[in-house]
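If you want the building blocks of each chain, they are given just below.
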Amino acid sequence: MKKLLLMGLFGLLSLNMNAQEETGTYNGEKYGYIIDKTGKKIEGVVHLNGGYSSPWQNQLKVKFAGVADIDKVKNKIKFKTYDADDIKEYMLYEGDTPRIFKSVKYTNTREALNSSDTSTGLGASIKAMNNLTRTSQFAELVTEGKITVYKLYGYPAANSQDAARLAENPNYIYSKKGGKVEELTPAKAKIIIADCPYAKAKATKGEYGSLKNEEKKRSGLGKFIRDEITNSTTDKLSIVNEVIYDYNENCK
């Protein structure tokens, strides 16, 4: 396992060392910006590394070219690759809709330990390593306010059959008032809104459909299993759209 972790870390270092400028064509690129470590916004075009079937690639690196690096006459563009330690944020337009990715510090421990991956042995170890070694990531912004929520995908092992599940089931993480980034769960949602009488009262009365009343409290293994099942089957986007939205709009 130690050898695998060392190999994975070496691979990550190699990727960072090989990050450099590359030339592409201008046609079809999406307009956007990056925000560098000093807070300066630089406008230009953004090229995503991942697509629908591999959205986690957008969390690792992004290609960007500033206005000065675009030659419309020659249809040439000079990209530079950035990772989550290089810049604070990047944005690109999908049609008229901005997609914002912010650099966050978060380790996806749950996905690293997720036993639903059909890989075993070496494949499972690689998947665990892929998720545990990524601490600085670009997470896509879902909603911003007193409680800010991001969408984040787990990383599969290479050629893993679990990739389709990961692509269709993002995790949701949050930061409350600029605090630590943590996983959003039904139980955690009830806790983070407890300082707002308005939202707390609605949750207590069962007025949030996405936060159904919990079963009779259990302890030990039974409670752990129940919590894990609840967390994996909950529509967390509904919690964001209903509970978190309500908190941000109505609470101090």
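Residues numbered from 1 in each chain as written. Predicted model: local features only at pLDDT ≥ 70, side-chain atom pairs only at ≥ 80, totals over all residues. Heavy atoms only, no water.

## Thoughts on the environment of Lys30
Note the cut-off: Numbering of helices and strands runs from the N terminus; a helix is a DSSP stretch of H or I covering at least four residues, while a strand is a stretch of E covering at least two. Burial classes follow relative accessibility: with a 1.4 Å probe on protein chains only, a residue under 20% of its type's maximum area counts as buried, one over 50% as exposed, and anything between as partly exposed. Throughout, a contact is declared for two residues whenever any of their heavy atoms are within 4.5 Å. We define a polar contact as two N or O atoms separated by no more than 3.5 Å, with the added condition that, inside protein, one atom must be a possible hydrogen donor and the other a possible acceptor, whereas residues neighbouring each other in sequence contribute only through side-chain atom pairs.
Mapped onto the fold, Lys30 is located in strand E2 (residues 30–36). Taking the relative accessible area as the measure of exposure, Lys30 reaches 31% and is therefore partly exposed. For Lys30 and Val46, which are 16 residues apart along the polypeptide, the C-alpha to C-alpha distance reads 5.6 Å. In this view, Lys30 contacts Gly44, Val45, Val46, Leu92, Tyr93 and Glu94; residues no more than four positions away in its chain are not counted. Within the structure, the side chain of Lys30 is placed 3.3 Å from the side chain of Glu94, a separation counted as a polar contact.

## Some words on the state of the cysteines
Going by this rule: The rule for a disulfide is simple: a pair of cysteine sulfur atoms within 2.5 Å.
Summed over the entire model, instances satisfying the criterion amount to one disulfide. Residue pairing for Cys196: its cysteine sulfur links by disulfide to Cys251, the two sulfurs lying 1.9 Å apart. A torsion of -70 degrees about the S-S bond marks the disulfide between Cys196 and Cys251 as left-handed. Remark: Cys251 occurs in the segment after helix H8 (236–250) and Cys196 occurs in the loop between helix H5 (186–192) and helix H6 (197–204); sequence separation between them is 55 residues. Residue classification places Cys196 among the buried positions, given a relative accessible area of 5%. For Cys251, a relative accessible area of 6% puts it in the buried group.

## Things to note about the pairing of E2
In plain terms, the rule: We call two strands paired when DSSP finds no fewer than two bridges between them.
Burial analysis of E2 places five of its seven residues in the buried class, which makes it a mostly covered element. Hairpin geometry of E2 and strand E3 (residues 41–48) is characterised by an intervening segment of four residues between the two adjacent antiparallel strands and by a positive phi of about 95 degrees at Gly39. As paired strands, E2 and strand E7 (residues 87–94) are joined by five bridges and run antiparallel to one another. Among the inter-strand pairings, Gly32 is bridged to a residue of E7, identified as Leu92.

## Some thoughts on the nonpolar core
Quick reminder of the rule: Buried Ala, Val, Leu, Ile, Met, Phe, Trp, Tyr and Cys residues that are joined via side-chain atoms within 4.5 Å together make up what is termed a nonpolar core.
Within the largest apolar cluster, 19 residues are counted, with the highest numbers of intra-cluster contacts made by Leu184 and Ile193. Put simply, the parts of the chain that give this core at least two residues each are strand E10 (147–152), strand E11 (171–176), H5, H6 and H8. Looking at this core element by element, the count peaks at five residues for H8. If you look at the next biggest cluster of nonpolar residues, it comprises 12 residues, including Phe64, Tyr90, Leu92 and Phe101.

## Considering the pattern of salt bridges
Going by this rule: Counted as salt bridges are all cases of a side-chain nitrogen of Lys or Arg within 4 Å of a carboxyl oxygen of Asp or Glu.
What the rule picks out here adds up to 17 salt bridges. Of the charged contacts, one joins Lys202 and Asp246 as a salt bridge, the two residues approaching to 2.9 Å between their closest N and O atoms. Taken together, the residues Lys202 in helix H6 and Asp246 in helix H8 connect sequence positions 44 residues apart. Comparing Lys202 with Asp246 shows no difference in burial state: the two are buried. Residues participating in the shared-partner salt-bridge network are Lys30, Glu94, Arg99 and Glu140.

## Brief notes about H8
Condition: Here, expected helix span is obtained from the residue count minus one, scaled by 1.5 Å. Throughout, bend refers to the angle between the axes fitted to the seven residues that end at a position and the seven residues that start at it.
For H8, which comprises 15 residues, the first-to-last C-alpha distance of 20 Å matches the rise-based estimate of 21 Å (1.5 Å per residue) to within 8%. Along its length, H8 reaches its greatest deviation from straightness, about 30 degrees, at Ile244. Residues of H8 that are buried include every one of Lys236, Ile239, Val240, Val243, Ile244, Asp246, Tyr247 and Asn248, and no others.

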